[in-house]
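Listed below, chain by chain, are the residues.
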Amino acid sequence: MGNWVVNHWFSVLFLVVWLGLNVFLFVDAFLKYEKADKYYYTRKILGFCSRTLRKQLDHNLTFHKLVAYMICLHTAIHIIAHLFNFDRYSRSRQDTSGSLASILSSLSHDEQKGGSWLNPIQSRNMTVEYVTFTSIAGLTGVIMTIALILMVTSATEFIRRSYFEVFWYTHHLFIFYILGLGIHGIGGIVRGQTEESMNESHPHKCAGSFEMWNDHDSHCRRPKFEGHPPESWKWILAPVILYICERILRFYRSQQKVVITKVVMHPSKVLELQMNKRGFSMEVGQYIFVNCPSISLLEWHPFTLTSAPEEDFFSIHIRAAGDWTENLIRAFEQQYSPIPRIEVDGPFGTASEDVFQYEVAVLVGAGIGVTPFASILKSIWYKFQCADHNLKTKKIYFYWICRETGAFSWFNNLLTSLEQEMEELGKVGFLNYRLFLTGWDNNIVGHAALNFDKATDIVTGLKQKTSFGRPMWDNEFSTIATSHPKSVVGVFLCGPQTLAKSLHKCCHRYSSLDPRKVQFYFNKENF
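Residues numbered from 1 in each chain as written. Predicted model: local features only at pLDDT ≥ 70, side-chain atom pairs only at ≥ 80, totals over all residues. Heavy atoms only, no water.

Per an unreviewed UniProt entry, the protein goes by the name NADPH oxidase 1 and belongs to Pongo abelii. Its UniProt record, at the heading Catalytic activity (unreviewed entry), says of the protein: "NADPH + 2 O2 = 2 superoxide + NADP(+) + H(+)". (UniProt positions renumbered as here; feature names shortened; annotations may be inferred.)

The structure is reproduced here in structure tokens:
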């Protein structure tokens, strides 16, 4: 066995990589299928495992990108190997020296019909390009490569943020990629010697006497070859079935009637929709996919739920950030036209679902990224109303970073209600929230300074004063670590990647090496 591995190391390496890649594809499809049911079963299974292990479930997009990188890498290796192989085929076909390669390449057309050919280049006049675009393997390979290039290039962050429609439509080219992968091997362009021919003319015995293959006295006969049967369909069958099941489930849920009960236009071009849907059940921090057929039949966009599970409706806040959202807001602003029909798929699970599993929670929202925490804060308000004694969380630190003052009005009433509720229940210290304004000028600062002694903030009307600039995260984390020396602190972010890097570093920096002391766990919303 050891000698076989040494002699066939490249085949072993290729087999291991190929198996690993297909396992990745299967797990990736599984995670996407589970996503359609809020990771319900997986979360239940991992509920008895460590917090670190459960957190990996929320990195499914990172895993999806890793699978894409692996596919690109092995596609490049596959193409380069074929280029070398076809160059060798071409030189063998052009060779007239009577070498073994030229004899194997010059099997007659009749023999090719019998399935014994080895070289796909059938004549000296045939080019590599002709074989590429006329064979099943070559044509599907070109289609898959083009589809893969378009999917990868359109998935860059710049295109996703600026031209979401381009990303959305080109990413569905994976259908052609999977179909091509399933039939790529039908042509049998990769061939091997048949078992019967191996018994008659083993390469170790007959390769050196190829000049005598046609002699009647020779024990070696001309070898016969056959194409390897297609195998790729076996590896993609399970992921494809999972994907089809997920699409059927999502289609069924999206066709259920959605009733829009309230429409609110907030400052800074933010639209709030309150809706009802039969059988809809949610948890804090989850999100839904929304489609408006009058704008686009195929586009579905994710939006975080801003309502609480205790409420009899579910709501989302939509900020104008592209053609689709601008068209949607414009459609709802028209007073004398019927309300556009909305389709909803979800809800789907996120990291914020685990917020109440921590003794101390740090919530950081940037701009419209405050939406998952609005759901959490609303749920806390209802839990205090109902005197929920099962609430594990003892302290919440909430940071909201906005560029303009109008954004604070989105959830101003919610924060005011929470302030009043905490005072009435004698739990003023439960919620510590800080508002930061990054897009300020001297007039705003001067006006705030002149009115600093007032009971309420001049910018928001809340008792908590607005800070100008960005939080000093080292100071914030140091204070939290000192105040809770033996607590497990969950840090939740919905915001840009640069802020995520800063918070992630702070979580590592201020977590104690002693597991019995303060530990920070970083969680980020991923869509």
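Picking up after the structure, the text goes on.
> Explain the overall build of the protein to me, please; I cannot follow it from the model alone.
For the protein, the count of helices and strands is 21 helices and 14 strands. Across the 527 residues in the protein, those meeting the buried criterion constitute 43%. Partitioning the intrachain contacts of the protein with sequence separation of at least 6 by distance along the chain shows that 72% fall at a separation of at least 24. For the protein, the exposed area adds up to about 29,300 Å²; of that, 60% sits on carbon and sulfur atoms. (Helix = DSSP H or I, 4+ residues; strand = E, 2+ residues; numbered from the N terminus. Buried < 20%, exposed > 50% of the residue type's maximum accessible area, 1.4 Å probe, protein only. Contact = heavy atoms within 4.5 Å. Areas by Shrake-Rupley, 256 points an atom, 1.4 Å probe, with all protein chains shown as cover.)

> I would appreciate a short explanation of empty space enclosed by the protein in the present structure.
Gaps left between atoms are located by rolling a probe of water-molecule size over the structure's atoms. In total, this model carries two cavities of 30 Å³ or more according to the counting rule given. Empty space within the second largest cavity amounts to approximately 30 Å³. Surrounding the second largest cavity, Val370, Ala374, Leu377, Phe398, Trp400, Phe411, Leu414 and Leu415 form its lining. Contributing elements (two or more residues each) for the lining of the second largest cavity: α17 (371–385), β10 (395–402) and α18 (412–425). (1 Å grid on protein atoms, 1.4 Å probe; cavity = no way out; pocket = protein on both sides within 12 Å on 5 of 7 lines; lining within 4 Å. Points joined across faces, edges and corners; volume = space filled by probe spheres on them.)

> Would you explain the packing of aromatic side chains in this entry?
Aromatic rings in a pair are described by how distant their centres are and how their planes are angled relative to each other. Applying the stated criterion across every chain yields a total of 15 aromatic pairs. For the pair Tyr287 and Phe289, a centre-to-centre distance of 5.9 Å together with 70° between the ring planes defines the contact as edge-to-face. On the accessibility criterion, Phe289 (13% relative accessible area) is buried. An aromatic cluster is defined as three or more aromatic residues linked by ring pairs; in this entry it consists of Tyr399, Phe436, Trp473, Phe477, Tyr510 and Phe520. Across from the ring centre of Phe356, 5.1 Å away, lies the NZ or CZ of Lys383, which sits over that ring. For the cation-ring pair, Lys395 lies above Tyr397, with the distance from its terminal atom to the ring centre recorded as 5.2 Å. (Phe/Tyr/Trp six-rings, centres within 6.5 Å; stacked < 30°, edge-to-face > 60°. Lys NZ or Arg CZ within 6 Å of the ring centre and 35° of its normal.)

> Whenever I open this one, the environment of Lys378 confuses me. Can you help?
In this fold, Lys378 is placed in helix α17. Taking relative accessible area as the criterion, Lys378 reaches 13% and is therefore assigned buried. Sequence-wise, Lys378 and Ser307 are 71 residues apart; in three dimensions their C-alpha atoms are separated by 7.0 Å. If we skip the residues at most four places from it in the chain, Lys378 touches Thr306, Ser307, Ala308, Glu311, Ser315 and Leu414.

> Where do I start with the UniProt feature "transmembrane region" (unreviewed entry) in the protein in this structure?
Look at the UniProt record and you will see "transmembrane region" (unreviewed entry) annotated at residues 12–31, 66–84, 130–154 and 166–190. The span residues 66–84 is 100% helix and 0% strand, and its two end C-alpha atoms sit 27 Å from each other. Across residues 166–190, helical content stands at 64% and strand content at 0%; the span's end C-alpha atoms are separated by 36 Å.

> In this structure, what is going on with the pattern of salt bridges? I would like to understand it.
Oppositely charged side chains can pair when the atoms bearing their charge come close. In this structure the tally under the stated criterion is ten salt bridges. Taking the shortest distance from any N to any O, the salt bridge between Arg250 and Asp345 comes out at 2.4 Å. On the criterion of sequence distance, the pair formed by Arg250 in helix α15 (residues 232–254) and Asp345 in strand β8 (residues 343–348) is long-range, its members being 95 residues apart. Its relative accessible area of 13% is what places Arg250 among the buried residues. Glu476 is the partner of Arg434 in a salt bridge, and the nearest nitrogen-oxygen pair spans 3.1 Å. (Salt bridge = Lys/Arg side-chain N within 4 Å of Asp/Glu carboxyl O.)

> I tried to follow the nonpolar core on my own but got confused; where do I start?
For soluble globular proteins, nonpolar side chains are generally found buried alongside one another. Among the nonpolar cores identified, the biggest contains 34 residues, and Leu363, Leu377, Ile380, Phe398, Trp400 and Leu431 are the most heavily contacted of them. Secondary structure elements with two or more residues in this core: β9 (360–366), α17, β10, α18, β11 (431–437) and β13 (488–494). Of all the elements, α17 adds the most residues to this core, at six residues. When near neighbours in sequence (up to four residues on either side) are disregarded, Leu363 contacts Val355, Phe373, Ile376, Leu377, Ile396, Tyr397, Phe398, Tyr399 and Phe492. (Core = buried A, V, L, I, M, F, W, Y, C linked by side-chain atoms within 4.5 Å.)

> What am I meant to see in a nonpolar patch on the surface here?
On the surface, Phe133, Leu139, Ile143, Ile175, Phe176 and Leu179 cluster together into a nonpolar patch covering about 590 Å² of accessible area. Take the nonpolar patch: its biggest share by element is three residues, from helix α12 (residues 174–183). Among the secondary structure elements, Phe176 is positioned in helix α12. (Patch = residues over 30% accessible without salt bridge, like charges linked within 9 Å, V, L, I, M, F, W, Y side chains within 5 Å.)

> Hey, could you run me through the sheet that holds strand β6 (residues 301–304) in this one?
Hydrogen bonds between backbone atoms are what pair the strands of a sheet, whose relative direction is either parallel or antiparallel. With antiparallel pairing, the three strands of this open sheet are ordered in space as β6-β5-β8. Edge strands, defined here as strands with exactly one partner in the open sheet, are β6 and β8. Here the strands of the sheet are splayed against their neighbours by 30° on average, with no regard to which way each runs. Sheet topology places strand β5 (residues 287–291) next to β8; four bridges connect them, and they run antiparallel. Paired with Val290 across the strands is Val344, a residue of β8. (Pairing = 2+ DSSP bridges. Axes fitted to C-alpha atoms, helices over the stretch in contact; angles between N-to-C directions.)

> Hey, could you run me through the sheet that holds strand β3 (residues 258–266) in this one?
Pairing within the open sheet is antiparallel, and its three strands lie in the order β3-β4-β7. Unpaired on one side and paired on the other, β3 and β7 (314–319) mark the two borders of the sheet. Recorded for the sheet is a direction-independent mean angle of 20° between the axes of neighbouring strands. Each of β3, β4 (270–277) and β7 touches helix α16 (residues 323–333); the most contacted strand, β7, lies at about 115° to it.

> What exactly am I supposed to notice about the confidence of the model for the protein here?
Any region with low pLDDT has predicted coordinates that should not be read closely. Overall, the predicted model of the protein reaches an average pLDDT of 78, with 81% of residues at or above 70. A low-confidence stretch, residues 109–113 stays under pLDDT 50, and its non-local contacts, those more than four residues away or across chains, total nine contacts. (pLDDT = per-residue confidence, 0-100.)

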